[in-house]
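Coordinates in review
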Amino acid sequence: MADKLHFSLVSPARELFSGEVDHVIAPGSDGEFGVLVNHAPFMTTLKNGVVRVEDGGETTMRLFVRGGFADVTPAGLTILAEEAVNMDSVSAESVKKELDEARQALLAEGKDGSAMLEEQVSYLESLKAALVN
Amino acid sequence: MSGLKELKNRIGSVKSTQKITKAKQMVAAAKLRRAQEAAEASKPYASRMANVVANLTASMGDGSGGPKLLAGSGDDKVHLVVVMTAERGLCGGFNANTAKAARLKIEELQAAGKTVKIITVGKKGREVLKSSYEDLFIDHVDLSEAKDKFTPYAIGLGLDLTKRFEAGEFDVATLIFSEFKNVLTQNPVAKQLIPAEAPDDAETIDLGGAIYAYEPSEPEILESLLPRYLNTQILSAMLENAAGEQAASMTAMDNATRNAGDMIDSLSLQYNRARQAQITKELIEIISGAEAL
């Protein structure tokens, strides 16, 4: 019990994961970091990127997060993501389609209110890049 | 005694009303399930977010010197009340209860000599409060096109509030919405949004004397965390409100359907009595007519 890390990842829409794992690697805004059990209390903002979950010596899950926070406490690691997807559940094609749509919308929108769309495009771009690797 | 024809018409009209309320009830029940699921699904995020904020504020001490969203503007004169209700009626006392709570809050603030400004979310609350407080309205959020997607509206309102707060338009913002307890109970509650308050039931984790490390710096984290906390609170209020609206609507329509049923029963009884009385009368007329011959 004590030698496993409690990890949970939630987005506003739902809780994507909650359970005991060995090791989590997350994309902090100042650089990627890994969290093992009994990590010192630590809090950071995240940038868009891949959260890798390792258990039993192998990567069991890859999740793509769009910004958010990671909070490490003695109780475990909590990631609050603005948006998150399990990378096994999305295909490169569907992301490409969404990206094209978002780009179209951005072009159609013009200047006003495009900050959110721009963010959407950059998020999808990095998600696409992460899927290729 | 009302004529047979009129009674028959009334029964027919009550029957069609019952059909409508029944249909509305079933629609509400189906929508309720979805709304409830959405509200439930958003809870882990909201409660974790609250815990994180609680932890941060606890480790920051009294919060002074922190970002304004947390520490407040240092004043307590202008209060902004955000009243969140539904877009539609036919949901029993749902909108009225929230509006009443809002009215109490506004009166209380005004009695304490504060300036009150109001932002309404959802049409119904605006209609109710319009008669007494129209001059206090500063904005309105229309959710009629939202369907089930509240996120952009929540973010929009959050940004708007932050902007107004930074421009010094108000000192304290309170959100009044209906808390979704269960299908039968929805309580109007007031929640302070700005300055941010961690809920009482948030778990603060005992760090055992360890010191939190922050990356980047603590102020920077708070700076990006607090607006999100605000958005999250607004979003979960919207989701709870939506679930509450459907639940209230379902209960109200269920009552209406039952009342219509009772009404149909008593009207049918009356109709049958009248019909029998008429037949008896006709028989008497025929018999006494025959006797007279």
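The model shown is predicted, which means the values in this text are computed figures rather than measured ones. (Residues numbered from 1 in each chain as written. Chains lettered and ligands numbered in written order. Predicted model: local features only at pLDDT ≥ 70, side-chain atom pairs only at ≥ 80, totals over all residues.)

**A closer look at the packing of helix 6 (residues 151–166) of chain B against helix 7 (residues 218–292) of chain B**
Residue and element names in this part refer to chain B.
- It is the contact of helix 6 with helix 7, at a shortest axis distance of 8 Å, that shows an interaxial angle of 130°. Classified by the angle their axes make, helix 6 and helix 7 are oblique. At the point where helix 6 passes helix 7, the crossing takes the right-handed sense. On helix 7, the residues touching Thr151, Tyr153, Ala154, Ile155, Leu157, Gly158, Leu161 and Thr162 of helix 6 are Pro227, Leu230, Asn231, Ile234, Leu235 and Met238.
- The residue inventory of the contact of helix 6 with helix 7, partitioned by class, reads ten nonpolar, four polar and no charged. (Axes fitted to C-alpha atoms, helices over the stretch in contact; angles between N-to-C directions. Helix = DSSP H or I, 4+ residues; strand = E, 2+ residues; numbered from the N terminus. Parallel < 35°, antiparallel > 145°, perpendicular 65-115°, else oblique. Left-handed = near helix turned anticlockwise from the far one by under 90°. Contact = placed C-beta atoms within 7 Å. Nonpolar A, V, L, I, M, F, W, Y, C, P; charged D, E, K, R; others polar.)

**What to know about the environment of serine 91 of chain A**
- Take serine 91 of chain A: it is sitting in the loop between strand 8 (76–86) and helix 1 (92–109).
- When the C-alpha atoms of serine 91 of chain A and serine 122 of chain A are compared, they prove to be 17 Å apart, with 31 residues separating the residues in sequence.

**Notes on helix 5 (residues 123–133) of chain B**
- Inspection of helix 5 of chain B places Lys124, Gly125, Arg126, Val128, Leu129 and Tyr133 of chain B among the buried residues, and these make up the whole buried set.
- Packing partners of the buried residues in helix 5 of chain B comprise strand 1 (78–84), helix 4 (94–111), strand 2 (115–121) and strand 3 (137–141) of chain B. (Buried ≥ 20, exposed ≤ 12 C-beta atoms within 10 Å, placed from the backbone.)

**Some words on the pairing of strand 2 of chain B**
All names here are of chain B.
- Counting buried positions over the seven residues of strand 2 gives five, a clear majority of the element.
- Crossover strand 1 to strand 2 through helix 4 is right-handed.
- Pairing of strand 2 with strand 3, which is carried by four bridges, proceeds in the parallel orientation. When the sheet's bridge partners are listed, isoleucine 119 is paired in strand 3 with aspartate 139.
- Considered for its hand, the β-α-β crossover made up of strand 2, helix 5 and strand 3 is right-handed. (Right-handed = clockwise from strand over helix to strand, strands pointing away. Pairing = 2+ DSSP bridges.)

**Looking at the pairing of strand 2 (residues 15–21) of chain A**
Residue and element names in this part refer to chain A.
- With six bridges connecting them, strand 1 (residues 5–10) and strand 2 associate as antiparallel partners. Bridged to leucine 9 within strand 2 is phenylalanine 17.
- Between strand 1 and strand 2, which pair antiparallel and follow one another directly, the connecting turn spans four residues.

**Considering unusual backbone geometry**
- Following isoleucine 194 of chain B, the chain continues into proline 195 of chain B via a peptide bond in cis, with omega recorded as -10°.
- With respect to the helices and strands, proline 195 of chain B occurs in the loop between strand 5 (186–194) and strand 6 (213–215).
- One non-glycine residue with positive phi stands out, namely asparagine 38 of chain A, at about 65°.
- Judged by the 10 C-beta atoms lying within 10 Å of it, asparagine 38 of chain A is exposed.
- Residues other than glycine seldom take positive phi values, yet leucine 90 of chain B does so here, at roughly 55°.
- Counting through the fold element by element, leucine 90 of chain B comes out in the loop between strand 1 and helix 4.
- Owing to 17 C-beta atoms within 10 Å, leucine 90 of chain B belongs among the partly exposed residues under this scheme.

**Considerations on the interface of chain B and chain A**
- Listed per partner, the contact involves 22 residues of chain B and 22 residues of chain A.
- When grouped by side-chain class, the residues that make up the side of chain B that touches chain A number 15 nonpolar, five polar and two charged.

**Quick word on the confidence of the model for chain B**
- For chain B, the mean per-residue pLDDT works out to 86, and 92% of the residues sit at or above 70.
- Interface scoring of the predicted complex returns ipTM 0.75; its pTM is 0.82. (pLDDT = per-residue confidence, 0-100.)

**Section: the sheet that holds strand 1 of chain B**
All names here are of chain B.
- Here we have five strands laid out as an open sheet, ordered 3-2-1-4-5, and mixed in their pairing. The sheet is open, and its two edges are formed by strand 3 and strand 5, each paired on a single side. Shown here is a sheet whose adjacent strand axes are inclined to one another by a mean of 20°, direction ignored.
- Summarising the sheet, strand 4 (residues 172–180) and strand 5 pair through eight bridges and their orientation is antiparallel. Paired with alanine 173 across the bridge in strand 5 is isoleucine 194.
- Contacts between helix 4 and the sheet are confined to strand 1, strand 2, strand 4 and strand 5, with strand 4 contributing the most and set at about 155° to the helix.

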